[in-house]
Amino acid sequence: AYLRRGAASHGRLLRTQVGLTALAVSFVLLGKALLLLTPLSAQLLPIALIPLWASRYLSRRTAMLMSGVMTLLCASLVAYDPIVIITYFASCVAGSGYVRERRRKQGSVLLLAGAVAGVAGLGVYLATKELFDSLSLGDELHAGLQTGATAVFASGLAAGLLAWLLQPLVTRLLGVLSQGQL
């Protein structure tokens, strides 16, 4: 009855909000399974994925809100580690802040935004690691691919790549028009 009383845009907005919520919940569940079933670092979760899609298809304001939501939800999976929380939030905000608007025909903007998220997350990780745990650059370099710094950078790249690869699925789920349909 609510959708019949309101304008058609209310139904479309509700579909988009339900779709974004479904994406966020499914990401958190997949992240929990990944952390439980594999020995991978919590820093390796492509946390910026949902905010990248929100920024691309909805608005930057929504993406910034989703950055906070995804940070808190995913940080709850690892007992609210301050390094993880700050790194998650920085990579989400940097990635979603890089995406301009959906109307421009730039297929690679999500890939570049993922790289920006990875670089920002890496910088913030190194700073917070030094602040909280007194970073040992020798130990970080000696560990190679097993370090949090590498995982944070790879997380941003993975978020950009997944956001780019799964665009057709997300456009259908969120009910937005693709560039070909415009």
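In what follows, the accompanying structure is described. (Residues numbered from 1 in each chain as written. Predicted model: local features only at pLDDT ≥ 70, side-chain atom pairs only at ≥ 80, totals over all residues. Heavy atoms only, no water.)

Digging into empty space enclosed by the protein
- Inspection of the entire model under this criterion finds one cavity of 30 Å³ or more.
- Looking at the largest cavity, the residues that line it are Q43, L45, I47, T87, Y88, S91, V152 and S155.
- Looking at the lining of the largest cavity, the elements that each hand over two or more residues are α5 (82–98) and α8 (148–165).
- Its residues assigned to classes, the lining of the largest cavity shows four nonpolar, four polar and no charged. (1 Å grid on protein atoms, 1.4 Å probe; cavity = no way out; pocket = protein on both sides within 12 Å on 5 of 7 lines; lining within 4 Å. Points joined across faces, edges and corners; volume = space filled by probe spheres on them. Helix = DSSP H or I, 4+ residues; strand = E, 2+ residues; numbered from the N terminus. Nonpolar A, V, L, I, M, F, W, Y, C, P; charged D, E, K, R; others polar.)

Quick notes on the layout of surface pockets
- Estimated volume of the largest pocket: approximately 250 Å³.
- Considering the residues around the largest pocket, the lining is formed by 16 residues, among which F27, L30, L49, W53 and L166 are closest to the centre.
- Elements supplying a minimum of two residues to the lining of the largest pocket: α2 (8–37), α3 (49–57) and α9 (167–174).
- If one sorts the elements of the lining of the largest pocket by residue count, α2 sits on top with six residues.
- Taken together, the residues that form the lining of the largest pocket break down as 14 nonpolar, two polar and no charged.

Description of α5
- Between the first and last C-alpha of α5 there are 24 Å, a value that for 17 residues agrees with the 24 Å anticipated at 1.5 Å per step.
- For α5, the complete set of buried residues consists of I83, V84, T87, Y88, A90, S91, C92, G95 and S96.
- For α5, the secondary structure elements touched by its buried residues are α3, α4 (60–75), α6 (109–133) and α8. (Expected span 1.5 Å × (residues − 1). Buried < 20%, exposed > 50% of the residue type's maximum accessible area, 1.4 Å probe, protein only. Contact = heavy atoms within 4.5 Å.)

Quick notes on the environment of G121
- The residue G121 is located in helix α6 in this model.
- Sequence separation of G121 and Y88 is 33 residues, and the distance between their C-alpha atoms is 7.1 Å.
- When residues no more than four places from it in sequence are discounted, the contact partners of G121 are T87, S91 and V152.

Some thoughts on α8
- Its 18 residues give α8 an end-to-end C-alpha distance of 25 Å, which sits within 8% of 26 Å, the value for a rise of 1.5 Å per residue.
- All of the buried residues in α8 are G148, A149, A151, V152, S155, G156, A159, G160 and A163.
- Against the buried residues of α8 lie α3, α5, α6, α7 (137–143) and α9.

Section: the nonpolar core
- Core analysis: the biggest nonpolar cluster contains 34 residues, and I50, W53 and M70 have the highest contact counts within it.
- Not counting residues up to four positions away in its chain, the partners in contact with M70 are A24, F27, V28, I47, I50, P51 and A75. (Core = buried A, V, L, I, M, F, W, Y, C linked by side-chain atoms within 4.5 Å.)

Just distances and angles here, no functional claims.
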